[in-house]
Amino acid sequence: MKTVLSSGAVADLRRTARFIAQDNPARAISFVAELRDVAGRLADLPHGFPLVPRYERHGIRRRSWKGYGILYSALPDRVFVHRIVGPGQDHDRVLGLS
């Protein structure tokens, strides 16, 4: 099984890198690489993290890592990462689901 990042998740990683780079460009690169690696390893245990309350019917799960939340769905053939949210970001706003 593989992990696929949505265009929104890729944009989230870019925003995270730009934010961290304001203070530490080298850490921005390594942090985003680590975050991408953690997301990639979701395929090893796709049902290993809890469903997000209020998003159970959409099958959206959340993997936390260093204050960030990886919002994903475990599909039959892949793990699909919807978004990667930073500390304090609103799930409702970034997911746009009702």
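Structure: see above.
Residues numbered from 1 in each chain as written. Predicted model: local features only at pLDDT ≥ 70, side-chain atom pairs only at ≥ 80, totals over all residues. Heavy atoms only, no water.

*Asks:* I'd like to hear about helix α1 (residues 7-21), residue by residue, with values.
*Replies:* Counted at 1.5 Å a residue, the expected span for α1 with its 15 residues is 21 Å, and the 21 Å between its end C-alpha atoms agrees. Listed in full, the buried residues belonging to α1 are Gly8, Ala9, Asp12, Leu13, Thr16 and Ile20. On an axial view of α1, the arc spanned by its buried residues comes to 145°, and they lie on one face. Residues Ser7, Arg14 and Arg18 are exposed on α1 and point more than 90 degrees away from its buried face. Check the buried side of α1 and you find it contacts β1 (2-5), α2 (25-40), β3 (68-74) and β4 (78-85). (Helix = DSSP H or I, 4+ residues; strand = E, 2+ residues; numbered from the N terminus. Expected span 1.5 Å × (residues − 1). Buried < 20%, exposed > 50% of the residue type's maximum accessible area, 1.4 Å probe, protein only. Arc of directions from axis to C-beta. Contact = heavy atoms within 4.5 Å.)

*Asks:* With reference to specific residues and values, describe the nonpolar core.
*Replies:* Burial of nonpolar side chains together is a common tendency in soluble globular proteins. Counting 18 residues, the largest nonpolar core has Phe31, Leu35, Leu42, Ile70, Val81 and Ile84 as its most contacted members. Broken down by secondary-structure element, the contributors of at least two residues to this core are α1, α2, β3 and β4. Ranked by the residues each element gives to this core, the list is headed by α2, at 6 residues. Residues Ile60, Val85, Val94 and Leu95 belong to the second largest nonpolar core, which totals 7 residues. (Core = buried A, V, L, I, M, F, W, Y, C linked by side-chain atoms within 4.5 Å.)

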